[in-house]
Amino acid sequence: MTNCNERALVSRVKGIGGREASFLENATLRVQVDDIGGMVPLLCSVQDRRQINAHWQPWFRSNSGRPYIDEKDGSFWKSALLYNIAGNFPCAPNFGPGHIINGLTMPPHGWTASLKWEYKKSGIDEESGAAWSFSEMKSPDSAMPLLFKKIDAIVPGESVHYSALSVQNLGETDSEICCAYHNTIGALFLQVGCHISAEANVWITPPPGGEFDGTTRLVPGAEFSTLSRAPLAFGGKTDIGIVPPPIGYTDFVCGVIPKTAHLGWSSVVNPELKMTYICFFPGPAASREPGGEEITLYFNDFWMQYGGRPFTPWAPWDEGPDQTYCLGMENAVGAWACGLDYALRVKKVLGSPTTVTIPAKTEKTLYYGTLFAPYEMGILDSGIVGIDTEENRLVCKSATEFWKFDADPSFRVIRGIKESLSSAVGP
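Quick caveat: nothing in here was measured; it's all calculated off a predicted structure. (Residues numbered from 1 in each chain as written. Predicted model: local features only at pLDDT ≥ 70, side-chain atom pairs only at ≥ 80, totals over all residues. Heavy atoms only, no water.)

Q: Mind laying out the pattern of salt bridges, listing which residues take part and the relevant values?
A: For side chains of opposite charge, pairing can occur when their charged atoms come near one another. Scanning all chains against the criterion turns up 21 salt bridges. The closest approach of N and O atoms between K418 and E363, which form a salt bridge, is 3.2 Å. In this pair, K418 is assigned in helix 5 (residues 412-425) and E363 in strand 28 (residues 363-374), connecting sequence segments 55 residues apart. Put simply, E390 and K404 hold a salt bridge, and the shortest N to O gap is 2.9 Å. With E390 in strand 29 (residues 386-390) and K404 in strand 31 (residues 402-406), the pair connects residues that are 14 residues apart, well separated along the chain. Within this structure, E390, R393, K404 and D406 form a network of salt bridges that share partners. (Salt bridge = Lys/Arg side-chain N within 4 Å of Asp/Glu carboxyl O. Helix = DSSP H or I, 4+ residues; strand = E, 2+ residues; numbered from the N terminus.)

Written out as structure tokens, the structure is:
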């Protein structure tokens, strides 16, 4: 439960490369949210003197302090996204590589991940004591007239970063989009022997013909029931639920969230640090789709970047050694990470939709939480096999026991902040 003596705070800071950001903190968690791409390079657990950042900060992230210029930077970084990438970031209306769709240039993972959000305001919620920051971004192309709005919040007594990502269609016709949060963890938290798990009833690798053809060790287009028995391209099976050392491969797998799930989630447990990282969001059974006001995520995706990209910016030069070791925990409505155009064409993957429709003159919102916290007594050392919810807690089950984390799985607090902001702005 929330300790009434604790406080949550919000301030404006400048991070690496002079990037402007909102900084949210309470007694146990510190979160930095950059304006550029909504990147979250810092999700830091505070435990007395020990502070551990779960989020990936790639060695190649630009520290120049100047904006990306394709003529100067494109040969190495390939895109503005990779020039600024770190930790977690929102993906819309694209989830996947850059491409041209209906004459519109769509950057990798969409405008929300590549362009600068406009910081609007921040404050402390009177009822809950939560600290929050609010920002907006308008589509740069009138062919897809969308307005993106984002609230980032942190609640006293909880080690959770909450987000509410809204997509408003300002146009006269409906828009079909992809939408995701692209959480990426790295050192200091990610280590050999971490346990990966997620809510999914079947797993499938991307079909052949995509970006992973030359990097994967897994059979393309293969279905399997558990992470512990993923089929290898060169024969046999392997347990991808245990994080290996750098092995020279980069893999991608997609887990389909059951339609009966009220909570979608994915997790990584580090048994050496006795810490866990959990992404959670309303599941398909909690959705009011179709025609509802919320965006539902149907897939848990894992991007396993274990050294399989011998080209820039992952390697210092093309055909050089890949220096990048991280794990993407991507929760999405999309078709693997193949892009909006591909998602529109396939419509569904294993029966679940790959796009969400934002009707003309309406708005839909994705509610999302990222928990990073310690546990005790080795209870979760073997990984999480399931998560239940109580009113103010996530109940994480191991094979034999459970551990409870203070959290708001109903997203009551951030829903209230959103309602207050909407009332202040008016219709």
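Okay, back to it.
Q: So what's going on with the sheet that holds strand 30 (residues 393-397)? Which residues, and what values?
A: Here we have three strands laid out as an open sheet, ordered 29-30-31, and antiparallel in their pairing. In this open sheet, the two strands that pair with only one neighbour each are strand 29 and strand 31. Each neighbouring strand pair of the sheet contributes to a mean axis angle of 25 degrees, computed without reference to strand direction. The sheet contact formed by strand 30 and strand 31 spans five bridges and is antiparallel. Residue R393 lies in a different strand from strand 31, and its bridge partner there is D406. (Pairing = 2+ DSSP bridges. Axes fitted to C-alpha atoms, helices over the stretch in contact; angles between N-to-C directions.)

Q: Give me the packing of aromatic side chains: which residues, what numbers.
A: By the definition in use, this model includes 24 aromatic pairs. Residues W56 and W314 carry aromatic rings whose centres are separated by 6.3 Å and whose planes lie at 5 degrees to one another, so their mutual orientation is stacked. Here W56, found in the loop between strand 5 (50-53) and helix 1 (70-77), pairs with W314, found in the loop between strand 23 (299-306) and strand 24 (325-333); they are 258 residues apart in sequence, far enough to count as distant. Both residues of the pair, W56 and W314, belong to the buried class. (Phe/Tyr/Trp six-rings, centres within 6.5 Å; stacked < 30°, edge-to-face > 60°. Buried < 20%, exposed > 50% of the residue type's maximum accessible area, 1.4 Å probe, protein only.)

Q: Tell me about the environment of A285, residues and numbers included.
A: Along the chain, the position of A285 falls in the loop between strand 22 (275-282) and strand 23. Judged by relative accessible area, which is 31%, A285 ranks as partly exposed. In this structure the C-alpha to C-alpha distance between A285 and F411, which are 126 residues apart in sequence, comes to 16 Å. If sequence neighbours within four positions are ignored, A285 has contacts with K259, T260, A261 and H262. (Contact = heavy atoms within 4.5 Å.)

Q: Give a description of helix 1 that names residues and reports values.
A: Among the residues of helix 1, those classed as buried are D73, G74 and W77. Taken down its axis, helix 1 places every buried residue within 120 degrees of arc, on the same side. Turned more than 90 degrees away from the buried face of helix 1, the exposed residues are E71, K72 and S75. Check the buried side of helix 1 and you find it contacts helix 2 (80-84). (Arc of directions from axis to C-beta.)

Q: Requested: an account of the pairing of strand 21 (residues 263-270), with residues and values cited.
A: Of all the eight residues making up strand 21, eight are buried; the element is thus mostly covered by neighbouring parts of the structure. Side chains L263, W265, S267 and V269 project from strand 21 onto one buried face, and the interleaved G264, S266, V268 and N270 project onto a second face that is buried too. Where strand 15 (residues 195-198) and strand 21 come together, four bridges link them in antiparallel fashion. Among the inter-strand pairings, A198 is bridged to a residue of strand 21, identified as S266. Note that strand 21 and strand 22 share eight bridges and pair antiparallel. Bridge pairing in strand 22 places S267 opposite I278. Counting the residues in the hairpin turn of strand 21 and strand 22 gives four residues, including K274, whose phi is positive at 55 degrees.

Q: Please set out the state of the cysteines residue by residue, giving values where relevant.
A: This model, assessed by the stated rule, comprises zero disulfides. Sulfur of C279: no disulfide; nearest cysteine sulfur belongs to C396 and is 12 Å away. For C279, a relative accessible area of 0% translates into the label buried. Cysteine C338 remains unbridged, with the sulfur of C254 as its closest cysteine sulfur at 9.7 Å. (Disulfide = S-S within 2.5 Å.)

Q: Go over unusual backbone geometry, please, and point to the residues and values.
A: Here A92 and P93 are connected by a cis peptide whose omega angle stands at 0 degrees. Considering the arrangement of structural elements, one finds P93 in the loop between strand 6 (90-91) and strand 7 (99-101). Following T312, the chain continues to P313 via a peptide bond in cis, the omega torsion being 0 degrees. Positionally, P313 belongs in the loop between strand 23 and strand 24. At W336, a position not held by glycine, the phi torsion is positive, near 50 degrees. Relative to the elements of secondary structure, W336 occurs in the loop between strand 24 and helix 4 (340-346). The backbone of L350 shows a phi angle near 50 degrees, a positive value even though the residue is not glycine. Structurally, the position occupied by L350 is in the loop between strand 25 (348-349) and strand 26 (352-353). Looking at L350, the relative accessible area reads 37%, which means it is partly exposed.

Q: Please set out the nonpolar core residue by residue, giving values where relevant.
A: By size, the foremost hydrophobic cluster in this structure holds 95 residues, and its most contacted members are F189, I196, V253, Y277, F302, L327 and F372. Setting aside residues up to four positions removed in sequence, V253 forms contacts with W203, I204, T205, L218, F224, L227, I240, N300, D301, F302 and M304. Counting 32 residues, the second-largest nonpolar core is a separate cluster that includes A153, V155, V160 and Y375. (Core = buried A, V, L, I, M, F, W, Y, C linked by side-chain atoms within 4.5 Å.)

Just distances and angles here, no functional claims.
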